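Commentary on secondary and tertiary structure
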Amino acid sequence: MADIAEWVIAIQEAVRRAAAAVEATPRDYACTLVGAVVGTCNAVFFQIGDGAIVVSNRVAQGVVFWPEAGPYANMTHFVTDEDALDHLCIEMASVEVEEIALFSDGLQRLALAFDTRLPHHPFFDPMFGVLRSKKLEECEAVSAQLSKFLSSPQVNERTDDDKTLILATRRTA
C-alpha cells in the first residue's frame, strides 16, 4: 500500500515538472486516477476521484469503488490535489480477475447502473464479447473500432466529458 502512495507522489511530481516547463500550474493538468495491478489470483485496485473500475470472473461482476464525488456538483478529487492521498482508495483482493474495465467519468452514466450501483451489462457485455474473440495482433483494430464508437453521435449525445476506456480479458470466446 505504501508503494501506491509513492506512485501518487511520483505522479504529482511529474505533473509539477511538466506544468512548470510550460509555465502552467498542476491544476491545469488536474485528473483523476484509476489503476489496478492484477495477478493470477490476487489484485490491488486504487483510485482517486471519479471514474471506476469494473472487474468480473465467471461468478460475479462488480464495481470496485463507486465514483467519488467532490464537495460540489460536477466536482471530484484529483491526483494533482495537495490532499490527494487523503482521497486515495486502495483495495486488495484474493480473487481471480478474468476481465477488467477501467474508465473515466465521461463513461460513468453509460457504464454504471446508478440505481443498483452495479455495472450496466448492456454496455460491457458486447465489448468483452468482441475482445474475447480476438487474437493479440487484432487488438489494434479493436482499439480503433472502440475509439470510433466512443466518439460516435449516440455516445456523444449522452456525455460531453472525456471518454477513456481500458478493457482487458483472460477469457476466450
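Quick note: structure is the one above.
Let us look at the structure shown here. Position numbers for residues start from 1 in each chain and track the written sequence from start to end. Note on the predicted model: pLDDT of at least 70 is required for a residue's local features to be given, and 80 or more for side-chain atom pairs to be given and counted; whole-chain, interface and lining totals, by contrast, use all residues. Based on all heavy atoms of the structure, the side-chain values leave hydrogens and waters out of the count.

**Thoughts on the pairing of strand S2 (residues 43-48)**
In this scheme, a residue with accessible area under 20% of its type's maximum is buried, one over 50% is exposed, and one in between is partly exposed, where area comes from a 1.4 Å probe on protein chains only. We count a stretch as a helix when DSSP gives it H or I for four or more residues in a row; a strand needs E for two or more, and each element gets its number in order from the N terminus. Here S2 lies mainly inside the structure; 6 of its 6 residues are buried. Here S2 shows no split at all, with Ala43, Phe45 and Gln47 on one side and Val44, Phe46 and Ile48 on the other all buried. In this analysis, strands are considered paired if DSSP registers two or more bridges between them. Here 6 bridges tie strand S1 (residues 33-38) to S2, and the two strands are oriented antiparallel to one another. Paired with leucine 33 across the bridge in S2 is isoleucine 48. Taking the residues between adjacent antiparallel strands as the criterion, S1 and S2 are bridged by 4 residues.

**So, the pattern of salt bridges**
Any Lys or Arg side-chain nitrogen found within 4 Å of a carboxyl oxygen on Asp or Glu counts as a salt bridge. One pass over the full model with this rule turns up 7 salt bridges. Measuring nitrogen to oxygen at the nearest pair gives 3.7 Å for the salt bridge that ties arginine 17 to glutamate 13. Here the residue arginine 17 and the residue glutamate 13 both occupy positions in helix H1 (residues 2-21), the gap between them amounting to 4 residues, near one helical turn. Glutamate 99 serves as the salt-bridge partner of arginine 171, at 3.9 Å between the closest nitrogen and oxygen. Pair noted here: arginine 171 is in the segment after strand S9 (165-169) and glutamate 99 is in strand S6 (residues 99-103), with a separation of 72 residues, a long-range link. In this structure glutamate 99 comes out as buried when scored by relative accessible area, which is 2%. Through salt bridges that share partners, Arg58, Glu98, Glu99, Arg132 and Arg171 make up one connected network.

**What to know about the side chain of serine 104**
With respect to the helices and strands, the residue serine 104 is situated in the loop between S6 and helix H2 (108-111). On the basis of relative accessible area, serine 104 is assigned to the buried category, the value being 9%.

**Re H1**
Spanning 20 residues, H1 covers 29 Å between terminal C-alpha atoms, matching the ideal 28 Å at 1.5 Å per step. Looking only at H1, the buried set comprises Ile4, Val8, Gln12, Val15 and Ala19. Angular distribution of buried residues about the axis of H1 spans 90 degrees; they occupy a single face of the element. Residues of H1 that are exposed and point over 90 degrees away from its buried face: Ala2, Arg17, Ala20 and Ala21. In the core, the buried residues of H1 are packed alongside S1, S2 and strand S5 (89-93). In a helix, the anticipated span is given by 1.5 Å times the number of residues less one. Directions from the helix axis toward the C-beta atoms define the arc. By the convention used here, residues are in contact when the closest approach between their heavy atoms is within 4.5 Å.

**A word on the environment of alanine 18**
Summarising the element assignment, alanine 18 is placed in helix H1. Taking the relative accessible area as the measure of exposure, alanine 18 reaches 37% and is therefore partly exposed. Residues alanine 18 and tyrosine 29, spaced 11 residues apart in sequence, show a C-alpha to C-alpha distance of 9.0 Å.

**A closer look at the side chain of glutamine 108**
Among the secondary structure elements, glutamine 108 is positioned in helix H2. Excluding anything up to four places from it in sequence, glutamine 108 contacts Asp50, Gly51, Pro67, Phe103 and Phe114.

**Quick word on the packing of helix H3 (residues 121-132) against helix H4 (residues 139-150)**
Only the stretch in contact is used when a helix axis is fitted, and all axes are lines through C-alpha atoms; the angle between N-to-C directions ranges over 0 to 180 degrees. One way to put it is that H3 packs onto H4 with a least axis distance of 11 Å and a crossing angle of 155 degrees. In this view, H3 runs roughly antiparallel relative to H4, as classed from their interaxial angle. Note that H3 runs across H4; the crossing there is right-handed. The segment H3 lies against H4, with Phe123, Met127 and Leu131 engaging Cys139, Val142, Leu146 and Phe149. Note on angle classes: values under 35 degrees are labelled roughly parallel, values over 145 roughly antiparallel, values of 65 to 115 roughly perpendicular, and the remainder oblique. The crossing is said to be left-handed when, going from far helix to near helix, the turn is anticlockwise and less than a right angle, and right-handed when the turn is clockwise.

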